[in-house]
Amino acid sequence: MVNSILTVDLDALVRNYRALQELSSNETGAVVKADGYGLGLGRVARSLAKAGARQFFVATASEGAELRRELGDGPSISLFAGHMAGDSDMINDLSLTPMINSIEQLQRHLQALPKAPFGVQLDTGMNRLGMEPAEWSALRDIVLPQNPTLLMSHLACADAPDHAMNAQQLQSFREMTDDTGIPRSLSATGGILLGADYHFDVTRPGIGLYGGLPYADALPVAYLELPVIQVREVAERESVGYGNAYIAEQPRRVATLSAGYADGLIRAMSGKARTFYGQTECPVLGRVSMDSISVDITRLSDTPASLTLLGRQQSVDTLADAAGTIGYEILTSLGARYTRRYSGG
Ligand SMILES: *Cc1c(COP(=O)(O)O)cnc(C)c1O
């Protein structure tokens with residue numbers, strides 16, 4: 001099987017980091033969960049560390065362990081999932097910092113690792129992770145004397161700047177943390193764009209580093225080139241692919257490309273997504289298969305060696321729109337089969 005090539009532009013990643021740093025009033029951290037949003041944890045994290053990032057965030061302890069191996073000692077690695085049962089050794093041995101989400105996690109942490117650093121995640125309305133205001137009121141006098149590294153929360157609607165939820169969560173965060181003197185973090189990519197009131201001591205951009213909305217000025221970081229396996233002529237009224245979902249109304253030249261839903265080209269792209277040869281659009285015909293897609297190359301005068309799915313012609317968000325999803329899901333779905341190439345960095 002021919003390998004499709006996912007090129008990650010590490011210079012663009014670093015430029016996005018620097019641009020978000022310019023926008024942030026204080027320190028700019030980096031979120032590298034889910035294998036660096038699908039682009040490869042090690043290369044992504046090392047480039048960001050070289051660019052000056054000192055605070056990294058991942059979801060789980062096992063992600064944190066892998067990241068510590070990549071970064072070595074020095075940068076802080078915070079875990080959004082907090083201190084889960086069974087993770088104490090990993091947290092201790094690899095100097096990971098759990099963001100404690102509940103009284104249960106607090107007890108676990110103080111019992112297992114009474115001297116190990118931790119932060120606290122507060123729920124300001126999203127109802128996903130973190131202590132609620134009442135829980136925090138009851139626990140803060142126990143927690144604050146232990147000098148937590150960070151008090152953090154997360155915005156539910158930061159991609160919609162005019163949403164009333166943003167100001168509500170900001171106010172709730174202030175009420176819970178204003179008088180603590182502990183470093184604070186509220187904003188991911190979307191929150192950075194809401195302005196300085198939302199920045200506090202450290203920001204936590206993820207998607208904006210990798211070239212996705214809501215950071216509209218982001219440079220693209222992921223480039224995906226799909227080799228042509230085979231080209232055929234399809235006559236009028238013949239079908240293409242599973243379920244005969246595409247039927248040619250006129251004769252078509254059809255190329256079969258080497259990537260499918262097992263590579264993150266989700267089936268919702270069937271009949272909707274476009275590939276490109278230079279500036280010429282070559283639409284996906286019929287259903288996405290596990291290892292391949294079929295595209296219409298009738299308009300091309302030559303037979304290309306490969307077509308572009310992600311690049312200057314099409315961003316992760318444009319492709320996401322075609323499939324009814326978001327850039328985050330497109331990036332984190334990119335599978336293990338691609339040959340990953342890194343440029344710059
Ligand atoms: C994923 C995540 C981030 C990064 O969000 P982006 O929208 O990708 O910038 C920040 N904080 C938390 C708690 C997250 O879960």
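Residues numbered from 1 in each chain as written. Predicted model: local features only at pLDDT ≥ 70, side-chain atom pairs only at ≥ 80, totals over all residues. Heavy atoms only, no water.

**As for the site of the ligand**
- Close to the ligand lie 14 residues, the nearest being Lys33, Tyr37, Thr189, Ile207 and Tyr328.
- Between the ligand and Arg128, the relevant distance is 3.2 Å, taken from an oxygen atom to a side-chain nitrogen or oxygen of the residue.
- Here Arg204 contributes a side-chain N or O atom positioned 3.0 Å from a nitrogen atom of the ligand.
- Isolated, the ligand exposes 390 Å² of accessible area, and the fraction of that covered by the protein chains is 92%.
- For the shell around the ligand, a count of residues per class yields eight nonpolar, three polar and three charged. (Near = heavy atom within 4 Å. Polar contact = N/O pair within 3.5 Å; in protein donor to acceptor, adjacent residues only side chain to side chain. Areas by Shrake-Rupley, 256 points an atom, 1.4 Å probe, with all protein chains shown as cover. Nonpolar A, V, L, I, M, F, W, Y, C, P; charged D, E, K, R; others polar.)

**Quick look at the domain arrangement of the chain**
- In terms of domains, the chain is made up of domain 1 (25-204) and domain 2 (222-343).
- With six residues of domain 1 in contact, the opposing surface of domain 2 contributes seven residues.
- Each partner contributes to the roughly 640 Å² buried at the junction of domain 1 and domain 2, and carbon and sulfur atoms together form 67% of this total.
- Three residues stand out in domain 1 for area buried against domain 2, namely Tyr37, Leu39 and Arg43, and they jointly supply 71% of the buried area on that side.
- The interface formed by domain 1 and domain 2 includes zero salt bridges.
- At the surface where domain 1 touches domain 2, the tally comes to two residue pairs in polar contact (both at pLDDT 80 or more).
- Looking at the side of domain 1 that touches domain 2 residue by residue, the classes come out as three nonpolar, two polar and one charged. (Domains from an automatic or database assignment. Contact = heavy atoms within 4.5 Å. Buried area = accessible area lost by both parts, 1.4 Å probe. Salt bridge = Lys/Arg side-chain N within 4 Å of Asp/Glu carboxyl O.)

**A closer look at the pairing of strand S16 (residues 280-283)**
- Of the pairings in the sheet, the one linking strand S15 (residues 274-277) to S16 comprises four bridges and is antiparallel in character. By the bridge assignment, Phe276 is partnered in S16 with Glu281.
- Hairpin connection, S15 to S16: the antiparallel pair is bridged by two residues, and Gly278 has positive phi, about 60 degrees. (Pairing = 2+ DSSP bridges. Helix = DSSP H or I, 4+ residues; strand = E, 2+ residues; numbered from the N terminus.)

**A few points about helix H1 (residues 10-23)**
- Counted at 1.5 Å a residue, the expected span for H1 with its 14 residues is 20 Å, and the 20 Å between its end C-alpha atoms agrees.
- Here H1 has its buried residues at Leu10, Ala12, Leu13, Val14, Asn16, Tyr17 and Leu20.
- Where H1 is buried, its residues contact strand S1 (5-9), strand S2 (27-28), helix H3 (41-50), helix H9 (189-193) and strand S19 (339-343).
- Sitting at the head of H1, Asp9 places a side-chain oxygen 3.1 Å from the backbone nitrogen of Asp11. (Expected span 1.5 Å × (residues − 1). Buried < 20%, exposed > 50% of the residue type's maximum accessible area, 1.4 Å probe, protein only.)

**A word on the packing of H1 against H3**
- It is the contact of H1 with H3, at a shortest axis distance of 10 Å, that shows an interaxial angle of 50 degrees. If you check the angle between H1 and H3, you find them oblique. Crossing handedness for the pair H1 and H3: right-handed. Only Arg43, Val44, Ser47 and Leu48 of H3 make contact with H1, whose side of the interface consists of Leu10, Leu13, Val14 and Tyr17.
- Grouping the constituent residues of the contact of H1 with H3 by class yields six nonpolar, one polar and one charged. (Axes fitted to C-alpha atoms, helices over the stretch in contact; angles between N-to-C directions. Parallel < 35°, antiparallel > 145°, perpendicular 65-115°, else oblique. Left-handed = near helix turned anticlockwise from the far one by under 90°.)

**A look at the environment of Gly195**
- Secondary-structure assignment places Gly195 in the loop between H9 and strand S10 (202-203).
- When its relative accessible area of 23% is taken as the criterion, Gly195 is described as partly exposed.
- Note: C-alpha distance between Gly195 and Asp321 (126 residues apart in sequence) is 27 Å.

**A look at the side chain of Thr275**
- By the element assignment, Thr275 lies in strand S15.
- By relative accessible area, which is 0% here, Thr275 ends up buried.
- Those residues in contact with Thr275 that lie beyond four places of it in its chain are Leu257, Thr280, Glu281, Cys282, Ile293, Val295, Leu307, Thr308 and Leu309.

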